[in-house]
Each structure stands twice: as C-alpha cells, then as structure tokens.
Amino acid sequence: MSSKMGRSLAAVKTLNVNDYGAKGDGSDATEAFNNAWKAACSSSQGSVLVVPKNKNYLLKPITFEGPCKSSITVQIYGTLQASADRSAYSKDLTRCLVFENVQNLAVEGGGTINGNGKIWWENSCKVNDDLSCKDAPTALTFYNCKNLVVKNLKIQNAQKMHVSFEKCVGVEVSGLTITAPADSPNTDGIHVTRTQNIQISSSVIGTVSRSQKVQAIGITCGPGHGISIGSLGDGNSEAHVSDVTVNGATLTGTTNGVRIKTWQGGSGSASNIKFQNIEMHYVKNPIIIDQKYCDQDKPCKSQSRAVQVQNVLCQNIKGTSSSSEAIQIDCSEKFPCKGIVLQGIDLRVGGKAAKAECNNAKITEKGNVSPSWT
C-alpha cells in the first residue's frame, strides 16, 4: 500500500461486491455497489473494495459519497458498464459513476469502465444538426476528493468526457488507457477543472480548465482532440489556469496538437504554461492559441473583455502537420497574448515548411523555429 494513502497492511478490511448481491452477469448491480460502498465508507479501518475479474456489472448513475471514516482502495478487475437507458439519467445528465467528497482514495486494478456511449453519440447535435444540443454524462467523475490515486484502468466509449477531476487536491493519475471511436463527439480523455496539484503520467489526456499546478508527463493521444487548456471564460465567466506543464507527449492523427482556447467576454487568466518535448504525427492544428473560441450554432459577438493569456512556452515540438498552418495564434486586440515563447519548433507538411499565423501577440522566437511568424 502507498504510504501516501495512510494505510496499514495489518488493518485492511476486504469487501467484495458479489457479497452484496452483485452477480457480474450484465444485470443491474447498482444497489449492490451502493451497499458495498456504504460498508467500506463506514468502516473505521482501511478498506479494499473488490470488483472481481471476468465479470460484467451494469450500473445506473451512482455516486460513491464521503466523507468516509478511513482510507479506501477500489480494486476494479472486472468491467463496469454504464446503463444505455437514457431515462436513467433524468436527475442529472452530466454524471454516471461519481466519487464525491472522499479523502485518501485509490481507484485501480486494470479493469474496464465502459461508458456505453453509442446511443448518446447518435443523439448528439454534433452528429445530427437537426437535434438540439443537450448534455451527456461523464463516464467517471471525481469531485471534491483529496489525496487521490487513479491508476491502471481502461476507460472506453464514454457518453461524453471519459474522466473528470473537479475541485480535487493532491491527485496522482497514471496508466490510464482511454479509447473511443475517432468520430465520437466531445469524448475528451481527461478533463481537469478547479483542481490543484495533479500529476498525470503515461495516460491519454483531454482538457484542462480552471486549475492550478497540473503536470502531464508521457502522454499519448490519437485519434481525438489533442491536448487542450480550456475552453475558458464561456458565458462571460471568470477563469484561472496556472502552472500547467505538459512534458513528453506523442500525438498521432489528432484534430489539434496543443491548444489554449478562451471565449470572448470572459475574464481571468491562463498563465505559466509549458508544452515541452512533444512529437506530432499528421496533426491537423499542431499549435493553437485561440482567444476567440466559439462553439455554438450562432456566430459569437465581438466583445471587449477576454481571458488574459500570458507566459506560454512551446519548446521542442516537432513532427508533421496535416494542414498548411501549423501554428495559429489569434489573440484579443484589447487583451493581447503576452510572453509567448517558441523555441526549437520544427513542424512540416508534406515534407515542406508549414505556415504560421499570429495576431495580437507578443512572441519571442529562440533557436530554430519553423514555421516562423516573422
């Protein structure tokens, strides 16, 4: 057991979801999981909650809620499959499997969480323009958790986002394998918001918003949307992201490479951000900073306020672009981007130099930078 989780090997209580009525044959196991969690959470000694291998457990939306009396490790060896019945999500369309208000928690085991998202994708406005846009659940959510370890899990076919960390503190994430079809809409890999001190390694990462002290190391993406910070400032809101480092990543066939996106009309800042040592293979938009992001049916109105983007380092980013413009930096006239540093960039398209487009930004180039905006 990790010393971080504060456990004693001599005092661990093991609980098996099958002992609480779960069958693992694809039938509804929601009540059994809920009862097993209550037993683990109420235990005064550290608990290990086991989900057996070679079993398939169907779950309707469920929240594993704290605070708990002691530390808990959830060992997922089998498969957790989200209910495909959309009416089961009538109380909250945004969540499926949730851990909330829990301290000293580990979720691991090498098993699978299947969001069963096909029915949600088919009913998405991103797929069918005739449909109105509605929310869809995140497969796995950690909300207001502290001292959290999530590792060695397969998460697939989420209804929308695969994993979300919101308002968490002290998080270690590693060894996540996240997969969904390339044409599945908005199925971000890992979403981090209002979270502090999180390290993500050897995993697929989606987006970061409203967070501080985020480290992502050894990330592999593709297909998908790439690595994004934002969107920030939607609905004229205030957002703050700072001290984000992505160091060591490989992106293949993604829509975007590394991206910062903010809405017009917002406020706050995105600062002290580093994208380093990144390899790109046939990425459509390798480097993007967009202060005029707009993801809605109607064109967004021009507004005077913007989230300030400053102190961004793009260093040692190399590979190929699938579009002619490998670098796109489009910032606000009244809140131009500041302190943007491009260092050691080599992005090509079809064996030739790509193009760079930059508006309203103070950019410094160091070493060889191709394409160059100057």
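Refer to the structure above for everything that follows.
In this text the structure is predicted, and so the values were computed from the model without any measurement.

> So what exactly am I meant to see when it comes to the environment of Lys55 here?
Examined against the element boundaries, Lys55 turns out to sit in the loop between β3 (46–51) and β4 (56–59). Residues in contact with Lys55, not counting those within four places in the same chain, are Lys23, Gly24, Gly78 and Thr79.

> How should I be thinking about the environment of Ser43 in this particular structure?
Examined against the element boundaries, Ser43 turns out to sit in the loop between α1 (30–41) and β3. Of the residues examined, Ser43 reaches a relative accessible area of 8% and is grouped as buried. Taking the C-alpha atoms as reference points, Ser43 and Glu279, 236 residues apart in sequence, are found 47 Å from one another. In this structure Ser43 touches Lys13, Lys69 and Ser70, once residues within four positions along its chain are discounted.

> Explanation requested: the pairing of β3 in the structure shown.
Looking along a regular strand, one sees side chains alternate from face to face of the sheet. A large share of β3 lies buried, amounting to 6 of its 6 residues. On β3, burial covers both faces: Gly46, Val48 and Val50 on one face and Ser47, Leu49 and Val51 on the other are all buried. Two strands pair when backbone bridges link them, and strand β1 (residues 12–16) and β3 are joined in this way by 5 bridges, in the parallel orientation. Considered in β3, the bridge of Lys13 is made with Ser47.

> What exactly am I supposed to notice about the packing of aromatic side chains here?
Each aromatic ring pair is specified by the distance between its two centres and by the angle formed by the two planes. If you walk through the whole model with that rule in mind, you get 8 aromatic pairs. Pairing Phe142 with Phe165 gives two aromatic rings, centres 5.2 Å apart and planes at 10 degrees, and the pair type is stacked. In this pair, Phe142 is assigned in strand β11 (residues 138–143) and Phe165 in strand β13 (residues 163–166), connecting sequence segments 23 residues apart. In this pair, the class of Phe142 matches that of Phe165, namely buried. Taking the centre distance of 5.4 Å and the plane angle of 90 degrees together, the rings of Trp263 and Tyr293 count as edge-to-face. With Trp263 in strand β21 (residues 256–263) and Tyr293 in strand β23 (residues 285–293), the pair connects residues that are 30 residues apart, well separated along the chain. On the basis of relative accessible area, Trp263 is assigned to the buried category, the value being 13%. A relative accessible area of 15% means that Tyr293 is categorised as buried. Through a chain of ring-to-ring contacts, the aromatic side chains of Trp37, Phe64, Phe99, Phe142 and Phe165 assemble into a single cluster. In this arrangement the basic side chain of Arg86 is found over the ring face of Trp120, its NZ or CZ atom lying 5.1 Å from the centre.

What counts as what
Residues numbered from 1 in each chain as written. Predicted model: local features only at pLDDT ≥ 70, side-chain atom pairs only at ≥ 80, totals over all residues. Heavy atoms only, no water. Helix = DSSP H or I, 4+ residues; strand = E, 2+ residues; numbered from the N terminus. Contact = heavy atoms within 4.5 Å. Buried < 20%, exposed > 50% of the residue type's maximum accessible area, 1.4 Å probe, protein only. Pairing = 2+ DSSP bridges. Phe/Tyr/Trp six-rings, centres within 6.5 Å; stacked < 30°, edge-to-face > 60°. Lys NZ or Arg CZ within 6 Å of the ring centre and 35° of its normal.

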